[in-house]
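# Reading the structure
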Amino acid sequence: MSVVSFPEVIGFNPSEGADLRRRRRRELTEALLERSSRLPDEERALIEAVYREGRPVVEIARLRGESPRPLRRRVRRLVERVMSERFGFVARRVAEWTPNRRRVAEACVLHGCSLREAAERLRLSLHAVRRHSDAVQALFEAERDRRRRA
């Protein structure tokens, strides 16, 4: 999965200087919170607690009876997934696809399920899920290549 760093998401230009850090951080947080609306409820609540409410992961872990380190890793992985180019592509285009492709894309890309988990949840064969997932990846790569040429 292609992960875009936060500065690339908002078009950060290093030559602009470091005095824009606070504004950039706010823009990144707003973009993250907007995109997180596509996540399952539990994951969205976690992102909102950390980035909207400003709650420390240690506090959230204590309230949930979990260890902070794995929760911190989970938050980091969620942020990487949500801010990836592929997540943005699927979020923008998912309504245009057939119902099964839409369901597979939502499960695998937006919700982060493996192909096997998606096949089980959606009651589709692993082959069908893989075929739709490959088609979504091909569409994503074609759009990315088209944008790079432009």
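Before reading further, recall that the structure is shown in the block above.
Read on for an overview of the structure. Chains are numbered independently. Their residues run from 1 in the order of the written sequence. The predicted origin of the model limits local features to residues at a pLDDT of at least 70 and limits the giving and counting of side-chain atom pairs to 80 or more, whereas totals for whole chains, interfaces and linings rest on all residues. Side-chain metrics in this entry use all non-hydrogen atoms of the structure; hydrogen atoms and water are not considered.

### Focus: the overall build of the chain
Our working definition: Numbering goes from the N terminus for both helices and strands, where a helix is a DSSP run of H or I of at least four residues and a strand is a run of E of at least two. Exposure classes here rest on a 1.4 Å probe applied to the protein chains alone. A residue is buried below 20% of its type maximum, exposed above 50%, and partly exposed in between. By definition, residues are in contact when any of their heavy atoms lie within 4.5 Å. Here the Shrake-Rupley method, with its probe set to 1.4 Å, supplies the accessible areas, and only the displayed protein chains count as covering residues.
Scanning the chain from terminus to terminus reveals nine helices and zero strands. Listed N to C, the secondary structure of the chain is α-α-α-α-α-α-α-α-α in terms of helices and strands. Going through the 150 residues of the chain one by one, you find that 33% of them count as buried. Within the chain, contacts between residues at least 6 apart in sequence are counted, and of these 53% link residues at least 24 apart. Only carbon and sulfur atoms are counted for the fraction: they give 47% of the accessible area of the chain, which is about 9500 Å².

### Quick notes on the nonpolar core
Formally: Buried Ala, Val, Leu, Ile, Met, Phe, Trp, Tyr and Cys residues that are joined via side-chain atoms within 4.5 Å together make up what is termed a nonpolar core.
Of all hydrophobic cores here, the largest spans 27 residues; its most connected members are Ile 47, Val 90 and Trp 97. The contact partners of Trp 97, leaving out residues within four places of it in the chain, are Phe 89, Val 90, Arg 102, Ala 105, Val 136 and Leu 139. Core analysis: the second largest hydrophobic core is formed by eight residues, Ala 107, Ala 118, Ala 119 and Val 129 among them.

### Looking at helix α8 (residues 115-122)
Every α-helical turn comprises 3.6 residues, leaving residues that sit three or four positions apart pointing alike. Spelled out, the test is: What the arc measures is the spread of directions leading from the helix axis to the C-beta atoms.
Within the sequence span of α8, burial applies to Ala 118, Ala 119 and Leu 122. Buried residues of α8 fall within an arc of 100 degrees about the axis and therefore sit on the same side. Exposed side chains of α8 directed beyond 90 degrees from the buried face belong to Arg 116, Glu 120 and Arg 121. The secondary structure elements touched by the buried residues of α8 are α7 (99-110) and α9 (126-149). Trailing α8 by a residue or two, Arg 123 shows a phi angle of about 55 degrees, which is positive.

### Digging into the environment of Gly 88
With respect to the helices and strands, Gly 88 occurs in helix α6 (residues 85-93). Take Gly 88: its relative accessible area is 6%, and that puts it in the buried class. When the C-alpha atoms of Gly 88 and Val 109 are compared, they prove to be 9.6 Å apart, with 21 residues separating the residues in sequence.

### Looking at unusual backbone geometry
Within the chain, Arg 123 stands out as a residue other than glycine whose phi angle is a positive 55 degrees. Here Arg 123 shows up in the loop between α8 and α9.

### Focus on the state of the cysteines
We apply this condition: Only a pair of cysteine sulfur atoms within 2.5 Å counts as a disulfide in this structure description.
Applying the stated criterion across every chain yields a total of zero disulfides. Sulfur of Cys 108: no disulfide; nearest cysteine sulfur belongs to Cys 113 and is 6.6 Å away.

### Points about the packing of α8 against α9
For clarity, the cut-off: For helices, the axis comes from a line fit to the C-alpha atoms of the stretch in contact; other axes are also lines fit to C-alpha atoms, and the angle between any two N-to-C directions lies between 0 and 180 degrees. Note on convention: near helix rotated counterclockwise from far helix by under a right angle means a left-handed crossing. Clockwise means right-handed.
One can describe the packing of α8 onto α9 by two numbers: an axis separation of 9 Å at closest approach and a directional angle of 115 degrees. Between α8 and α9 lies a crossing of right-handed hand. Two secondary-structure elements touch here, α8 through Leu 115, Arg 116, Ala 118 and Ala 119 and α9 through Leu 126, Val 129, Arg 130 and Ser 133.

### Considerations on the pattern of salt bridges
For the record, the criterion: Here, a salt bridge means any Lys or Arg side-chain nitrogen found within 4 Å of an Asp or Glu carboxyl oxygen.
Inspection of every chain in the model, using the stated rule, returns 13 salt bridges. Its salt-bridge partner being Arg 52, residue Glu 48 comes within 3.3 Å of it at the nearest N-O pair. Owing to a relative accessible area of 22%, Glu 48 belongs among the partly exposed residues under this scheme. Glu 85 is the salt-bridge partner of Arg 147, the closest N and O atoms lying 3.9 Å from each other. Note that Arg 147 is positioned in helix α9 and Glu 85 in helix α6, a separation of 62 residues in sequence. Taking relative accessible area as the criterion, Glu 85 reaches 22% and is therefore assigned partly exposed. A cluster of three or more residues bridged by salt bridges with shared partners is formed by Glu 85, Arg 92, Arg 93, Glu 96, Glu 143 and Arg 147.

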